[in-house]
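Residue-level structure breakdown
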Number of protein chains: 2
Amino acid sequence: MRVRGAPLIGVTAAYGICLALRRDASDEALAAARETLLATRPTAVNLRWALDRMRETLAPVPESSRLEAAYARAAALCDEDAATCRAIGEHGLPLFERAFEQRAERPGGGEVLNVLTHCNAGWLATVDWGTALAPVYLAHDRGLPVHVWVDETRPRNQGASLTAWELREHGVPHTVIADNAGGQLMQQGRVDLCITGSDRTTAHGDVCNKIGTYLKALAAWDSRIPFYVALPISTVDWTLKDGVREIPIEERDAREVSRITGRSDEGAMVEVSILPDGTAVANPAFDVTPARLVTRLVTERGVCEASAEGLRGLVPARRDSESQDPHLRHTEPRHSESRDPE
Amino acid sequence: MRVRGAPLIGVTAAYGICLALRRDASDEALAAARETLLATRPTAVNLRWALDRMRETLAPVPESSRLEAAYARAAALCDEDAATCRAIGEHGLPLFERAFEQRAERPGGGEVLNVLTHCNAGWLATVDWGTALAPVYLAHDRGLPVHVWVDETRPRNQGASLTAWELREHGVPHTVIADNAGGQLMQQGRVDLCITGSDRTTAHGDVCNKIGTYLKALAAWDSRIPFYVALPISTVDWTLKDGVREIPIEERDAREVSRITGRSDEGAMVEVSILPDGTAVANPAFDVTPARLVTRLVTERGVCEASAEGLRGLVPARRDSESQDPHLRHTEPRHSESRDPE
């Protein structure tokens, strides 16, 4: 958890391969490093994607020049990630502009474009720009008056601590709210659109993202507010269809819920306990927003419907690959342990 | 905010009248005390209800014996509240028993009845028993294996601090979760029913309750899980129809979101800041769950549909009072200021 954000996890893993190769550049060491890194974050599918790119590049390279090739490929992944995020911003911007034009028709529609986001999918989660926040930054830079409702994002408070800080650094007006508040703001017409990132997207457009994303998508649906998900195509797991049934959800440490760190009035960082001692805690880290609740996916290749057809329209190579792709044999639920009864 | 919970607020206000009458038992003092107390909590409609009961009792009583009459009436309100909550529990119990029988048909249905609740609607919020928790306690006492998912309930953490403590005192198994987690648990079949309290219920069955209740009702609806709301009839505001449009939502202090109090490892209570300094905060305290998302209302008079017909079936005196009741002139939105643009 030192590194977070699906794109940044992928790029960091690529440099992890470089570090491993400094010690030992053999095929065995390369394979072992890949396995170790893969196991670190089960949800982030572009961790696997980045490691696969590294393997493709390095496998045919002789050991003696592998390290140099690894650093070059990792740097290229960095550049690609920044370009990808920038492209996501460019493709998302027209959606923001349209929502800004339409906001006047909403009850409560204000002078600014009110965007709600959950968790942190900005430049702290990527090499630059971010995914969900890329169109926010572009809109702001181009003079669209944008204001962001920032979900606190319990239990790790990525919204309150990271997104709020990041938006302030960029000068984008924003307001932090408890995760509970978004539905009420949407009911009252105080949100024009929602946009989040994705840690893993199924081939049918279901979105696995930070816990609580699903609740906001439901509220947006109920108030007829667009709910966009911004993602690099590398977060698509083409082997998965039904995200709710097939994606295993990481259960994290109870202390994320039972304890919280903040600044005391003296300026010290203090960790305090906020539950009665010994209270049982459950802490699922992600949830799945079914494609039917997602208005559009915003990718570096353009905007599409959250559906198998939509995604294949953006990635034509996937159009007729279903029968050949060995991953696609595994479309049955593979992780039934995550759906066990109490 | 020293006293919370709609029923307890009403009873406490009744004793507030007693205290005022100790100083001055005149008609003027009675009226002034009533106005002061009414202004303390705009959402809790049974604050007004309790004060109206006090006024009815005390108005015809001569000043010399008013104080005694006030204490007697306040004590009677206490007894009535406990009896009301107990009756809510008795009426809710069969719903729990039915859900326990049906849980085996759910994917993931476990050995216990999994109940999700939001905020605190237990005996800490009432004179005894609670509203939403009354059937939980009765079910537990009668041997139904019940387990409660306790929403943390940011920003004031009434679930994490009050409900968790209260359930532990009673010996009811429970697990605290971040408010974000409930939707995911419902998707995975790990919740058999939801039950919450209500601060204010419209004559058409819309429920104004702690911020975030609406999001859980949406998730329950999406996963076809019963969403019950437990309430004394005194929380029904017969003057209101459309809760989303008509109920003004209290905006509370930003410090509820930006700061949090917990126990340090040394056992001291410490308040820490969890937002970047100067971050803007919005803090709506309640939201409205439309009647269409509420499976049933559970009251001391029985269980009914969340609708005008349902409520009037339980309270026949209201059946033909619409034309006479002076309050019912005010069915237009009266609080447009709460829906202003940013």
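Residues numbered from 1 in each chain as written. Chains lettered and ligands numbered in written order. Predicted model: local features only at pLDDT ≥ 70, side-chain atom pairs only at ≥ 80, totals over all residues. Heavy atoms only, no water.

**Side note on the sheet that holds strand E6 (residues 207-210) of chain A**
Residues and elements named next belong to chain A. Spatially, four strands are ordered E8-E5-E6-E11 in an open sheet, and the strand pairing comes out mixed. Lying at the two open borders of the sheet, with one neighbouring strand each, are strand E8 (236-237) and strand E11 (286-289). By the bridge criterion, two bridges tie strand E5 (residues 200-202) to E8 in an arrangement that is parallel. Looking across to E8, one finds that Thr 201 is bridged to Val 236. Along the sheet, helix H8 (residues 213-222) contacts E6 and E11; its crossing angle with E11, the most-contacted strand, is approximately 30°. (Pairing = 2+ DSSP bridges. Helix = DSSP H or I, 4+ residues; strand = E, 2+ residues; numbered from the N terminus. Contact = heavy atoms within 4.5 Å. Axes fitted to C-alpha atoms, helices over the stretch in contact; angles between N-to-C directions.)

**Digging into the sheet that holds strand E12 (residues 296-299) of chain A**
Residue and element names in this part refer to chain A. The seven strands are arranged E3-E2-E1-E4-E7-E12-E13 in an open sheet whose pairing can be described as mixed. Across the chains shown, the open sheet's two edge strands, defined by having one partner strand only, are strand E3 (174-177) and strand E13 (302-304). Taken over all neighbouring pairs, the strand axes of this sheet differ in orientation by 25° on average, direction set aside. By the bridge criterion, three bridges tie strand E4 (residues 193-196) to strand E7 (residues 227-230) in an arrangement that is parallel. By the bridge assignment for E7, Thr 196 is matched with Val 229. Here helix H6 (residues 158-170) sits on the sheet in contact with strand E1 (113-117), strand E2 (146-151) and E3, set at roughly 165° to E2.

**Overview of the interface of chain B and chain A**
Facing 72 residues of chain B, the contacting portion of chain A comprises 71 residues. Counting the surface lost from both chain B and chain A, the interface buries some 5,800 Å², and carbon and sulfur atoms represent 54% of this. Applying the counting criterion to the chain B and chain A interface returns eight salt bridges. The salt bridge partner of A:Arg154 is B:Glu152, with a shortest N-O separation of 2.5 Å. Residue assignment for the side of chain B that touches chain A shows that the elements contributing at least two residues are helix H6 (158-170), strand E3 (174-177), helix H7 (182-187), helix H8 (213-222), strand E9 (259-263), strand E10 (269-273) and strand E11 (286-289) of chain B. Counting residues per element, the side of chain B that touches chain A draws most heavily on H8(B), at seven residues. Across the side of chain B that touches chain A, the residue classes break down as 32 nonpolar, 23 polar and 17 charged. (Buried area = accessible area lost by both parts, 1.4 Å probe. Salt bridge = Lys/Arg side-chain N within 4 Å of Asp/Glu carboxyl O. Nonpolar A, V, L, I, M, F, W, Y, C, P; charged D, E, K, R; others polar.)

**Points about the pattern of salt bridges**
All names here are of chain B. What the rule picks out here adds up to 36 salt bridges over all chains. Linking Arg 255 and Glu 271 is a salt bridge whose minimum nitrogen-to-oxygen distance equals 3.4 Å. Pair noted here: Arg 255 is in helix H10 (residues 255-258) and Glu 271 is in strand E10, with a separation of 16 residues, a long-range link. Under the relative-accessibility criterion, Arg 255 is labelled partly exposed at 48%. (Buried < 20%, exposed > 50% of the residue type's maximum accessible area, 1.4 Å probe, protein only.)

**Details of unusual backbone geometry**
The omega angle of the peptide bond from A:Arg154 to A:Pro155 is 5°, so this bond is cis rather than trans. Inspection of the secondary structure assignment puts A:Pro155 in the loop between E2 and H6. Even without being glycine, A:Arg224 reaches a positive phi, approximately 55°. Among the secondary structure elements, A:Arg224 is positioned in the loop between H8 and E7. Taking the relative accessible area as the measure of exposure, A:Arg224 reaches 73% and is therefore exposed. One non-glycine residue with positive phi stands out, namely B:Trp129, at about 70°. Tracing the sequence through the fold places B:Trp129 in the loop between strand E1 (113-117) and helix H5 (134-141).

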